[in-house]
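Coordinate analysis (summary)
Here are the chains, one letter per residue:
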Amino acid sequence: MTKPNHVAVIMDGNGRWAQQRLMPRIEGHRRGIAALRTLVETARRSQIANLSVFAFSSENWKRPADEVQGLMRFFVAGLKKEAVPLRDAGVRMHVVGDRSVFSEDLNAAIDEAEDIGKDASGMHFNICLNYGGRWDIVQAAQMLQKEDSPITLESLEQKLCMPWSGPVDLMIRTGGERRISNFILWQAAYAELWFSDALWPDFSAADFAAALSWFEGRERRFGMTSAQLKA
Ligand code: FPP
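Since we're looking at a predicted model, the values are computed, not measured.

Analysis parameters
Residues numbered from 1 in each chain as written. Predicted model: local features only at pLDDT ≥ 70, side-chain atom pairs only at ≥ 80, totals over all residues. Heavy atoms only, no water. Helix = DSSP H or I, 4+ residues; strand = E, 2+ residues; numbered from the N terminus. Rg over C-alpha atoms; globule rule 2.2 N^0.38 Å. Buried < 20%, exposed > 50% of the residue type's maximum accessible area, 1.4 Å probe, protein only. Contact = heavy atoms within 4.5 Å. Near = heavy atom within 4 Å. Polar contact = N/O pair within 3.5 Å; in protein donor to acceptor, adjacent residues only side chain to side chain. Areas by Shrake-Rupley, 256 points an atom, 1.4 Å probe, with all protein chains shown as cover. 1 Å grid on protein atoms, 1.4 Å probe; cavity = no way out; pocket = protein on both sides within 12 Å on 5 of 7 lines; lining within 4 Å. Sits in = over half its atoms within 2 Å of the grid points. Nonpolar A, V, L, I, M, F, W, Y, C, P; charged D, E, K, R; others polar. Pairing = 2+ DSSP bridges. Points joined across faces, edges and corners; volume = space filled by probe spheres on them.

**Here we look at the overall build of the protein**
Looking only at helices and strands, the protein features eight helices and six strands. In sequence order, the protein lays out its α and β elements as β-α-α-β-α-β-α-β-α-α-β-β-α-α. For a compact globule of 231 residues, the expected C-alpha radius of gyration is about 17 Å, and the protein comes in at 18 Å, within 12% of that figure. Counting only C-alpha atoms, the protein reaches 55 × 45 × 35 Å along its principal axes. Sorting the 231 residues of the protein into buried and exposed places 45% on the buried side. In the protein, the proportion of contacts linking residues at least 24 apart, taken out of those at least 6 apart, comes to 72%.

**Brief notes about the site of the ligand**
In the neighbourhood of the ligand, 17 residues make up the surrounding shell, with Asp12, Gly15, Arg16, Arg25 and Arg63 lying closest. Between the ligand and the protein, one listed contact pairs an oxygen atom with a backbone N or O atom of Gly13 at 3.3 Å. Against a free-state accessible area of 630 Å², the protein chains account for coverage of 90% of the ligand. More than half of the atoms belonging to the ligand lie within 2 Å of the grid points that define the largest pocket. When residues of the shell around the ligand are traced back to their parent elements, those giving at least two are helix H1 (14–20), helix H2 (25–45) and helix H3 (65–88). Considering every element that reaches the shell around the ligand, the biggest residue donor is H2, with five residues. A breakdown of the residues in the shell around the ligand according to their chemical character gives seven nonpolar, six polar and four charged.

**Focus: the pairing of strand S3 (residues 91–96)**
Among the six residues that make up S3, five are buried, leaving the element largely enclosed by the rest of the structure. Pairing of S3 with strand S4 (residues 123–131), which is carried by six bridges, proceeds in the parallel orientation. Pairing of Met93 across the sheet is with Phe125, part of S4.

**A short note on the layout of surface pockets**
For the largest pocket, the calculated volume is near 1000 Å³. The wall of the largest pocket is formed by 44 residues, among which Met11, Asn14, Leu36, Phe54 and Ala55 lie closest to the centre. For the lining of the largest pocket, the secondary-structure elements that each account for two or more residues are H1, H2, strand S2 (50–57), H3, S3 and S4. If you add up the space inside the second largest pocket, you get close to 270 Å³. Grouping the amino acids of the lining of the second largest pocket by side-chain chemistry returns nine nonpolar, three polar and three charged.

Note that every value here comes from positions in space, so none of it alone points to a role or purpose.
This is the structure in structure tokens:
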């Protein structure tokens, strides 16, 4: 029974969670951060080496301005508050995505948090912010083109945003939708997909354990036959 080396999570359903309780959507995101803290602790305890979460997509800028601003404030505050506890728990945090449009405040908080955690070696925790899977592939190809390097499977893979984490083994999406929504694409080519109807703030340690235990029962053939794998 092997556990996944890289788990990617689409944390969907914060808005609906809040709306069901007649609360502003931003309250759902606040509760979403609490669920994220539980996820990180559970993944670390489960000895997952790489955890990636979709915190803000390239497309999320289209949301109402007050929601976007609220999320940005949460990111700055969250990075400042969690950098040391994460490091102390052995978690190395990375922010992955197009940072060119972020405020100075946010970029400074990211630099500081990444620096604090740089020697932690228990788990890579990739927070995907202003990230899109298609953007990642294009920026990788552009880097190779600039260097005048040949484009191959291996060379392109090395230029993707988080080469340290390798292929995604298990992708989890909450909130009842069954799609990948331009999250990690290339590295998820052979990912096992687990969909949960729980809204993100309700996603618990037990839900994560259920996804891991389902994963352990999967036969991963990578294009081969079942008989070949068993031989
Ligand atoms: C999707 O739910 C969720 C998001 C776009 C934001 C996720 C962000 C967090 C959980 C906070 C992360 C914080 C830090 C500090 C990294 P939705 O709003 O699309 O929900 P809906 O589908 O119900 O509307």
